[in-house]
2 protein chains.
Amino acid sequence: MISLQHIKSPKPEDLPSELEGLRMTKQRREVLAIILGERDHPTANDVYVRAQNRMPTISLATVYNCLEALVSHHIVRQVNFERESSRYCPNLEDHCHFQDEESGIIHDVIFKKGVKLEDFLELPQGTEINHLEISLKGRIGSE
Amino acid sequence: MISLQHIKSPKPEDLPSELEGLRMTKQRREVLAIILGERDHPTANDVYVRAQNRMPTISLATVYNCLEALVSHHIVRQVNFERESSRYCPNLEDHCHFQDEESGIIHDVIFKKGVKLEDFLELPQGTEINHLEISLKGRIGSE
DNA sequence: ATCGGAATTAGAATAATTCCAATTTCTACT
DNA sequence: AGTAGAAATTGGAATTATTCTAATTCCGAT
């Protein structure tokens, strides 16, 4: 994938017919376009509701299927906060998430340049990390 | 709470009648003793099953109630991995969790001494973090 | 002892997600 | 272009973890 990262709001029909080895069906393109469009970390249900505008017959099961396909092909990321419903994020850069408890809005938070996991965690040596999720909650200072 | 941290397997009846302002009922003591005993990050259902040995009439709802009481009084911590069921951890030190994908076992991982969040995250200034959860998954090197 | 609030209980309800079986749509091959 | 087989979609049912509810029980303070 060259730079979907920086394509803000592609029309679904402008998305390629295959991405990362995943065949892009009409529904998958619609779902991906929604996630690339409003980057507000929507839930599956949010995506479903938005998708219905252009595609009134899409089903929620399909939205879940599409999301799982996109996630497992590393085209979008799944984001979890405690036991809330999963959210989806098109930013594939290494980053984590901060949820403002006031507004509920989720912000991407990037790592300081050059920081590696081993720099701040006492990892048992030989550990191979396949997945990392950092979730923060709090408030944004109001001064 | 002085040092429940280091009390390995207290008998429920040895736990105090109040902790952190929370009245410790028979059931809450049982649940807490289980979590302090086997520190294997049990789920609510695990706790329920274990509790039934000594207390056959305890209900799952009560286990959930007790866990929520203990968590909200900062006596135990709730641990989440993606959308798996929550697990519970008596270690209140600042730490995060690593799940070995092979065995499913969860290990506590501590931070390098003196490391602060701002050292590795580009936090928008003025952010006040109330909650932080870091979950890692991977494998433990086998050499 | 007893009153009142808090805790416990069993079971129903909910929410998010997954499963299922029946269609529909693609893709590849003739 | 026509068609078989595979893959994707669909609606609805099922599942799972958790929360809610209403009735009972418990416990500490009067």
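The shown structure was predicted, so the numbers you read here are calculated from the model rather than taken from an experiment.

A. Broad picture of the overall build of chain A. Scanning chain A for helices and strands turns up four helices and seven strands. Overall, chain A shows an N-to-C arrangement of helices and strands of β-β-α-α-α-β-β-β-β-α-β. In terms of principal-axis extent, the alpha carbons of chain A reach across some 50 × 40 × 25 Å. Per-residue burial over chain A gives 44% buried out of 143 residues. Within chain A, contacts between residues separated by at least 24 positions form 50% of all contacts whose residues are at least 6 apart in sequence. When the accessible surface of chain A is totalled, it reaches about 7800 Å², and 47% of it is carbon and sulfur. Looking at chain A, you have 17 positive and 23 negative side-chain charges, and the mean spots of the two groups are 6 Å apart.

B. Main features of the side chain of K137 of chain B. Topologically, K137 of chain B is positioned in strand β7 (residues 127-140). Within polar-contact distance, the side chain of K137 of chain B engages the side chain of E84 of chain B at 2.8 Å. What K137 of chain B contacts, discounting residues up to four positions off in sequence, is E128, I129, N130 and H131 of chain A together with F81, E82, E84, F98, Q99 and E101 of chain B.

C. Region of the structure containing the relation of the copies chain B and chain A. Of the transformation superimposing chain B on chain A, the axial component is 0.0 Å and the angular component is 180°, with the fit at an RMSD of 0.0 Å. A rotation of that kind, with that shift, is consistent with a two-fold axis. Identified as the residue of chain B closest to the rotation axis by C-alpha distance is I134 of chain B, at 2.2 Å. Interface overlap between copies is the fraction of interface residues in one copy that are interface residues in the other; for chain B against chain A it reaches 97%, indicating a shared surface.

D. Fine view of the protein's contact with DNA strand D. In the vicinity of DNA strand D lie 16 residues, with T25, Q27 and T62 of chain A together with Y64 and S86 of chain B positioned nearest. A share of 81% is what sugar and phosphate atoms reach among the atoms of DNA strand D within 4 Å of the protein. For DNA strand D, a phosphate oxygen lies 2.4 Å from a polar atom in the side chain of T25 of chain A. In the model, a phosphate oxygen of DNA strand D is placed 2.5 Å from a nitrogen or oxygen of the Y64 of chain B side chain. The leading source of residues in the surface near DNA strand D is helix α3 (residues 60-72) of chain A, at three residues. Along the lines of polarity and charge, the residues of the surface near DNA strand D split into four nonpolar, eight polar and four charged.

What counts, and at which threshold
- Residues numbered from 1 in each chain as written.
- Chains lettered and ligands numbered in written order.
- Predicted model: local features only at pLDDT ≥ 70, side-chain atom pairs only at ≥ 80, totals over all residues.
- Heavy atoms only, no water.
- Helix = DSSP H or I, 4+ residues; strand = E, 2+ residues; numbered from the N terminus.
- Buried < 20%, exposed > 50% of the residue type's maximum accessible area, 1.4 Å probe, protein only.
- Contact = heavy atoms within 4.5 Å.
- Areas by Shrake-Rupley, 256 points an atom, 1.4 Å probe, with all protein chains shown as cover.
- Lys, Arg positive; Asp, Glu negative; His and termini not counted.
- Charge placed at Lys NZ, Arg CZ, Asp CG, Glu CD.
- Polar contact = N/O pair within 3.5 Å; in protein donor to acceptor, adjacent residues only side chain to side chain.
- Least-squares fit on C-alpha atoms with pLDDT ≥ 70 in both.
- Near = heavy atom within 4 Å.
- Nonpolar A, V, L, I, M, F, W, Y, C, P; charged D, E, K, R; others polar.

Scope: geometric values only; no functional claims are made or implied.
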